Amino acid sequence: MFKINIKETQNPAIIKFEFPDFISYGSNFEFKNIDDTANSPLARQLFYLPFVKSVYVSGNFVAVERFSIVEWTDVQDDVKKQIEDFVTNGGKVLIESQKETTKKIPVTVYGETTPNPAVLKFVANKSLTKTAVEFKNIDEAKPSPLAIELFKLPYVKEVFIDENYVSITKFESYSWDEITIEVRTFIKQFIENGGTVIDESLIVETKAHEQQQEQYFDNLDVTSQQIINILEEYVKPAVQSDGGNITFENYDDKTKRVTVILKGACSGCPSSTFTLKNGIENMLRQMLHNNDIVVEALNG
């Protein structure tokens, strides 16, 4: 009888079903809905379960992300049995012939300058991640095979990935004129060849990651929620267009101090920090009708 193992991940919404042998060699596949599953009969079968949000196939495992309508402890054994029965009865995890054709989906990647001269933003015409992540070195980059490969390039100092773009911070000894084309081509080919940009199941549950979850927002005081909504609607889009990101850290009602964290192109750029700090401070004072508010902008 074919057997698989259940393995929890650091993301409570995602669980892995590990196979005794490899099911994918050198390629990774993510399926967001049943219409994407032409090359994975198993993923198609799993999407008939009402709680399945996405399916990820890599190496020797299938990772399944659930909707919040159920807990994995209630359904994981049934999913395990369904996968075992499916494979035992001859069902295919991946269809090899179609897998090869899906690896080479054309991707457009272009470079954009940012206010930080050390950072360039590389924008793709497809979604890369649901969770903004920043890596200061290769040791932090385990959740991102793309970031790991980028750190092997001698001029890459830091990597920030959000939505559909990758922001690269270079070392001062290199010029963007010399390396832009090489970086853009590297990212484009990596994505086209089926490489995984972010493995959502491996993102460490840091405070920064926790702050992006709905439960964190619901537990905040009303003023903090208002501040987050203002940042999300009026500040973050502009910051992201410059290859960076901004996250709410905390609000002290006694001192009226708002602390925010700058990431990507905005991190480490003195002019950006000063401009953003003053702009956010004035905006919050006006929109919250409180001239005592002070903003502290920290680099991530």
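Definitions and cut-offs
- Residues numbered from 1 in each chain as written.
- Predicted model: local features only at pLDDT ≥ 70, side-chain atom pairs only at ≥ 80, totals over all residues.
- Heavy atoms only, no water.
- Helix = DSSP H or I, 4+ residues; strand = E, 2+ residues; numbered from the N terminus.
- Buried < 20%, exposed > 50% of the residue type's maximum accessible area, 1.4 Å probe, protein only.
- Contact = heavy atoms within 4.5 Å.
- Salt bridge = Lys/Arg side-chain N within 4 Å of Asp/Glu carboxyl O.
- Polar contact = N/O pair within 3.5 Å; in protein donor to acceptor, adjacent residues only side chain to side chain.
- Pairing = 2+ DSSP bridges.
- Axes fitted to C-alpha atoms, helices over the stretch in contact; angles between N-to-C directions.
- Core = buried A, V, L, I, M, F, W, Y, C linked by side-chain atoms within 4.5 Å.
- Expected span 1.5 Å × (residues − 1).
- pLDDT = per-residue confidence, 0-100.

The name an unreviewed UniProt entry gives the protein is NifU family protein, with Paenimyroides baculatum as the organism.

A. Broad picture of the overall build of the protein. In terms of helices and strands, the protein carries 9 helices and 13 strands. Out of the 300 residues belonging to the protein, those deemed buried represent 48%. Looking at the protein alone, contacts between residues at least 24 apart form 62% of all its contacts between residues at least 6 apart.

B. Focus on the pattern of salt bridges. Tallying each qualifying case throughout the model produces 15 salt bridges. Its salt-bridge partner being E232, residue K236 comes within 2.8 Å of it at the nearest N-O pair. Highlighted residues: K236 and E232, both in helix α8 (residues 222–241), separated by 4 residues, approximately one helical turn. With a relative accessible area of 14%, K236 lands in the buried category. Note that D253 is salt-bridged to K256, the shortest N-O span being 3.1 Å. Judged by its relative accessible area of 48%, D253 is partly exposed.

C. Representation of the side chain of T129. Tracing the sequence through the fold places T129 in the loop between β7 (119–124) and β8 (133–135). Residue class for T129 comes out buried when judged on its relative accessible area of 6%. Within polar-contact distance, the side chain of T129 engages the backbone oxygen of T131 at 2.8 Å. When residues no more than four places from it in sequence are discounted, the contact partners of T129 are I161, D162, E163, I198 and E200.

D. Quick peek at the environment of F151. Relative to the helices and strands, F151 is located in helix α4 (residues 145–151). Along the backbone, F151 and D139 are 12 residues apart, and their C-alpha atoms lie at a distance of 9.6 Å. F151 has contacts with F135, K136, N137, I138, A141, V156, K157, E158 and V159, leaving out every residue within four places of it along the chain.

E. Quick peek at unusual backbone geometry. Its identity as a non-glycine residue notwithstanding, E163 has a phi of 50 degrees, on the positive side. As for its placement among the helices and strands, E163 is situated in the loop between β9 (156–162) and β10 (165–170).

F. Examining the sheet that holds β8 more closely. An order of β6-β7-β10-β9-β8 is seen for the 5 strands of this open sheet, with the pairing classed as antiparallel. Edge positions in the open sheet fall to β6 (109–113) and β8, since each of these has one partner strand only. For this sheet the average axis-to-axis angle between neighbouring strands, irrespective of direction, equals 20 degrees. Together, β6, β7 and β10 form the strand contacts of helix α5 (residues 176–192), whose direction differs from that of β7 by roughly 30 degrees.

G. Examining the nonpolar core more closely. The biggest cluster of nonpolar side chains holds 29 residues, and the ones touching the most others in it are L150, V159, I161, V166 and I168. For this core, the leading source of residues is α5, giving 6 residues. If we skip the residues at most four places from it in the chain, I161 touches L128, T129, T131, A132, V133, F135, S144, V166, V197 and I198. Ranked by size, the runner-up nonpolar core spans 26 residues in total, among them I15, F51, V52 and V62.

H. Representation of α5 within the structure. Look at α5: 23 Å from first C-alpha to last across 17 residues, which is about the 24 Å you get at 1.5 Å a residue. For α5, every residue scored as buried is listed here: W176, I179, V183, I187, F190, I191 and E192. Against the buried residues of α5 lie β6, β7, α4 and β10. The first or second residue beyond α5 is G194, which carries a positive phi of 85 degrees.

I. Structural context of the side chain of T259. When you line up the elements, T259 lands in strand β12 (residues 257–264). Assessed through its relative accessible area of 6%, T259 is described here as buried. Sequence-distant contacts of T259, that is, excluding residues within four places in its chain, are made with F248, E249, N250, E296 and L298.

J. Structural context of the confidence of the model for the protein. Here the protein averages 84 in pLDDT, and 87% of its residues register 70 or above. Considering only residues more than four positions removed or in separate chains, one finds that residues 97–103, a stretch of pLDDT under 50, has 12 contacts.

K. Region of interest: the pairing of β6. In terms of strand pairing, β6 meets β7 through 5 bridges, oriented antiparallel. Bridge assignment links G111 to a residue of β7, and that residue is F122. Two successive antiparallel strands, β6 and β7, enclose a turn made up of 5 residues.

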